[in-house]
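# Descriptive structure summary
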Amino acid sequence: MQLERKYMALLEDARQRGGADLGGMQLCFQILSLAAGIDRDCAALLSAQGLTEGRFVLLFLLDVAPDGLAPHVLAERAGVTRATVTTLLDGLQRAGLAERRADAKDRRALTVHLTSKGRAVAREMVAAHAQWIGGLFGHLSAQERSQLSDLLNKAAQGRAPAEQERAS
């Protein structure tokens, strides 16, 4: 696998300085390079419909909410701030994919709904995205997938001390 240039430079520097676990660094940089490649491919898939990842997430959350969702609920479910949701909704609204409406029960509150165009785009893109994501590791056997999953979970345990330090 080809590492991104920045990671190749970091590895070379570590080789020259010595003392680092180069094998561990190489593995980490392989995972980061793979993730970056997947991110780029995902962005290209979504951009064909004028979407970003953030807008896509709101589309699929709204697609399964026929009565709409309040912006703060969207923020919570998407794991982003309310300000971010506002920006994303502005873009969806400009594209004609979503609309804000006064809540039927509380006229002071807003709910967000997909337009018919938004619902069509959501259904198309959720299906395309699921098929693409599902196929990323389709060349691996069931045993290889299980082994990779186990190894990634085990590798993630190495992050715990760094997370605990930040929390302190």
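This write-up is about the structure you can find in this document. (Residues numbered from 1 in each chain as written. Predicted model: local features only at pLDDT ≥ 70, side-chain atom pairs only at ≥ 80, totals over all residues. Heavy atoms only, no water.)

## Considerations on the pattern of salt bridges
Inspection of the entire model under this criterion finds eight salt bridges. Its salt-bridge partner being Glu 4, residue Arg 40 comes within 3.0 Å of it at the nearest N-O pair. A residue pair is termed long-range when its members are at least 10 positions apart, and Arg 40 in helix H2 (residues 22–47) and Glu 4 in the segment before helix H1 (5–17) qualify at 36 residues. The salt bridge involving Arg 119 is made with Asp 63; its shortest N-O contact spans 3.3 Å. Here Asp 63 lies in helix H3 (residues 53–63) and Arg 119 lies in helix H6 (residues 116–135), a separation of 56 residues in the sequence. (Salt bridge = Lys/Arg side-chain N within 4 Å of Asp/Glu carboxyl O. Helix = DSSP H or I, 4+ residues; strand = E, 2+ residues; numbered from the N terminus.)

## Quick word on H6
For H6, built from 20 residues, the straight-helix expectation of 28 Å at 1.5 Å per residue is met to within 8% by its first-to-last C-alpha distance of 29 Å. If you check which residues of H6 are buried, you get Gly 118, Val 121, Ala 122, Met 125 and His 129. Projected down its long axis, H6 shows its buried positions confined to an angular sector of 105 degrees, all on one face. Structural note: H6 exposes Ser 116 and Gln 131 on the side pointing more than 90 degrees away from its buried face. In the core, the buried residues of H6 are packed alongside H2, H3 and strand E2 (110–114). (Expected span 1.5 Å × (residues − 1). Buried < 20%, exposed > 50% of the residue type's maximum accessible area, 1.4 Å probe, protein only. Arc of directions from axis to C-beta. Contact = heavy atoms within 4.5 Å.)

## Section: helix H5 (residues 82–94)
Counted at 1.5 Å a residue, the expected span for H5 with its 13 residues is 18 Å, and the 18 Å between its end C-alpha atoms agrees. Those residues of H5 not exposed but buried are Val 85, Leu 88, Leu 89, Gly 91 and Leu 92. The arc enclosing the buried residues of H5, seen along the axis, measures out at 160 degrees, which places them on a common side. Those residues of H5 that are exposed and aimed more than 90 degrees away from the buried face are Ala 83, Thr 87 and Arg 94.

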